Amino acid sequence: MCIEEFLSEWNNDSDRVLVHTSGSTGQPKPLWVEKRRMEASARITCGFLGLKEGDTALLCLPLDYIAGKMMVVRALTCGLRLVSVEPSGHPLRNSLLSPLDLVAMVPLQVYNSLQVPEERERLRQVKHLIIGGGAIDEAMARELRDFPNAVWSTYGMTETLSHIALRRLSGPGASEWYSPFESVAVTLNDEGCLVIDAPLMCPQRLVTNDIAEMDAQGRFRILGRKDNVICSGGVKIQIEEVESLLRKYTSAPFLISKCQHKKFGEAVVLLTECTDVQSLKTLCREVLPSFWQPRYYLHTDRLPLTATGKPARKEAERLSAALAVEV
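Residues numbered from 1 in each chain as written. Predicted model: local features only at pLDDT ≥ 70, side-chain atom pairs only at ≥ 80, totals over all residues. Heavy atoms only, no water.

A. Region of the structure containing the overall build of the protein. Each helix and strand counted, the protein has nine helices and 18 strands in total. Taken over C-alpha atoms, the radius of gyration comes to 20 Å for the protein, in line with the 20 Å a tight globule of 327 residues would show. If you line up the protein on its principal axes, its C-alpha atoms span 60 × 45 × 40 Å. In the protein, which comprises 327 residues, the share counted as buried stands at 50%. Across the protein, contacts joining residues at least 24 apart in sequence account for 56% of those joining residues at least 6 apart. (Helix = DSSP H or I, 4+ residues; strand = E, 2+ residues; numbered from the N terminus. Rg over C-alpha atoms; globule rule 2.2 N^0.38 Å. Buried < 20%, exposed > 50% of the residue type's maximum accessible area, 1.4 Å probe, protein only. Contact = heavy atoms within 4.5 Å.)

Printed below as a string of structure tokens:
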């Protein structure tokens, strides 16, 4: 979708806009959302960040998904000056793109920008950089910590019309805990999953599959997804925790997945694009607890990812099942 098409949809007589979920845990799903709730979300974000009319925002995300649509809505609702570039892995390659007051990126775009000195400097000049759509590993978090301006990790989903909570990644306020917006209430259910009440953005309470913990201040941090648990030999293994630990020691592209196992019920699988699988096997033996050890190390030419760069977990499971049989 191009910006003209979205503006035409935004300005038509309907009070709703069609969006699609990202498909990180299954097939993307269509969802009709109310324009007034998108406007409310835009005002909440801009108010929290202290953005004002005339500030410059960069649109560098696809308009097929909520993150891109919401950047346009923030500009329309709060009077921001919107600059648009073709979505790519290097959105800041143009030297004219500074200074910018608000930029939203996925982690891959941030990673790529950090590798090029000129783009890295433009990234450092952004007044508010918000990062969503995927996990931020510890190496990237360390690089962003000394940025002079505000860098934020976002928590949200299509149903909440982008984010409902932020955590600071830069400066002395850097934290691993997300702070919900004032109009948002979060709790945990009996399974330890996050429950969201965000009435201005979503008409119903949302019970997520995100396993979380909360502190006394009402902040939360995500431990992983309920459906990303591997039950192997009676031990529950959270996929994201294994990935997070391994990424502290390797930059090799990989995903943790699972497959059925005759003896253990389910087995841990490591999928990687790296041809030196043996080095990853050695690393896992050195840094992972014994019960987290992958039973299969499988090479693939392409890791399964969604259009927004998130791990496509169901596709990873299908690939793991097919390849593990051949091992």
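B. Local environment of the sheet that holds strand β4 (residues 81-84). The strand order β4-β3-β5-β6-β7-β8-β9 describes an open sheet built from seven strands, whose pairing is mixed. The two strands at the open ends of the sheet, each matched to only one other strand, are β4 and β9 (179-180). With four bridges joining them, strand β3 (residues 56-59) and β4 adopt parallel strand pairing. Counted as the bridge partner of Thr-56 is Arg-81 from β4. (Pairing = 2+ DSSP bridges.)

C. Quick look at the nonpolar core. Core analysis: the biggest nonpolar cluster contains 46 residues, and Met-38, Ile-164 and Ile-196 have the highest contact counts within it. Ranked by residues supplied to this core, first place goes to helix α3 (residues 66-78) with seven residues. Apart from residues lying up to four places away in sequence, Ile-196 is in contact with Tyr-155, Met-157, Thr-160, Ile-164, Val-184, Ala-185, Val-186, Arg-205, Leu-206 and Thr-208. Listed in part, the 22 residues of the second largest apolar core include Met-105, Leu-123, Leu-144 and Phe-147. (Core = buried A, V, L, I, M, F, W, Y, C linked by side-chain atoms within 4.5 Å.)

D. Quick peek at helix α1 (residues 3-10). Within α1, burial applies to Phe-6, Glu-9 and Trp-10. What you see down the axis of α1 is that its buried residues fit within an arc of 100°, all on one side. Looking at the buried side of α1, the elements it contacts are β1 (16-20), α2 (35-49) and α3. (Arc of directions from axis to C-beta.)

E. The state of the cysteines, seen in detail. Counted by the stated rule, this structure contains zero disulfides. Just so you know, Cys-231 is unpaired, no disulfide at all, and the nearest cysteine sulfur is the one on Cys-193, 13 Å from it. We classify Cys-231 as partly exposed; its relative accessible area is 36%. (Disulfide = S-S within 2.5 Å.)

F. Layout of the pairing of strand β12 (residues 206-214). As judged from the three bridges shared by strand β11 (residues 193-197) and β12, these two strands associate in the antiparallel manner. Across the sheet, Val-195 pairs through a bridge with Val-207, a residue of β12. Relative to strand β13 (residues 220-225), β12 runs antiparallel, the two being bridged by five bridges. Bridging from a neighbouring strand, Ala-212 pairs with Ile-222 of β13. Here β12 folds back onto β13 in antiparallel fashion, the turn holding five residues, of which Gly-218 has a positive phi close to 85°.

G. A look at the sheet that holds strand β10 (residues 185-188). Strand order across the open sheet formed by four strands is β10-β11-β12-β13, with antiparallel pairing between neighbours. With one partner strand each, in any of the chains shown, β10 and β13 form the two edges of the open sheet. Pairwise comparison of adjacent strand axes, ignoring direction, gives a mean angle of 50° for this sheet. (Axes fitted to C-alpha atoms, helices over the stretch in contact; angles between N-to-C directions.)

On their own, these measurements won't tell you what the molecule is for.
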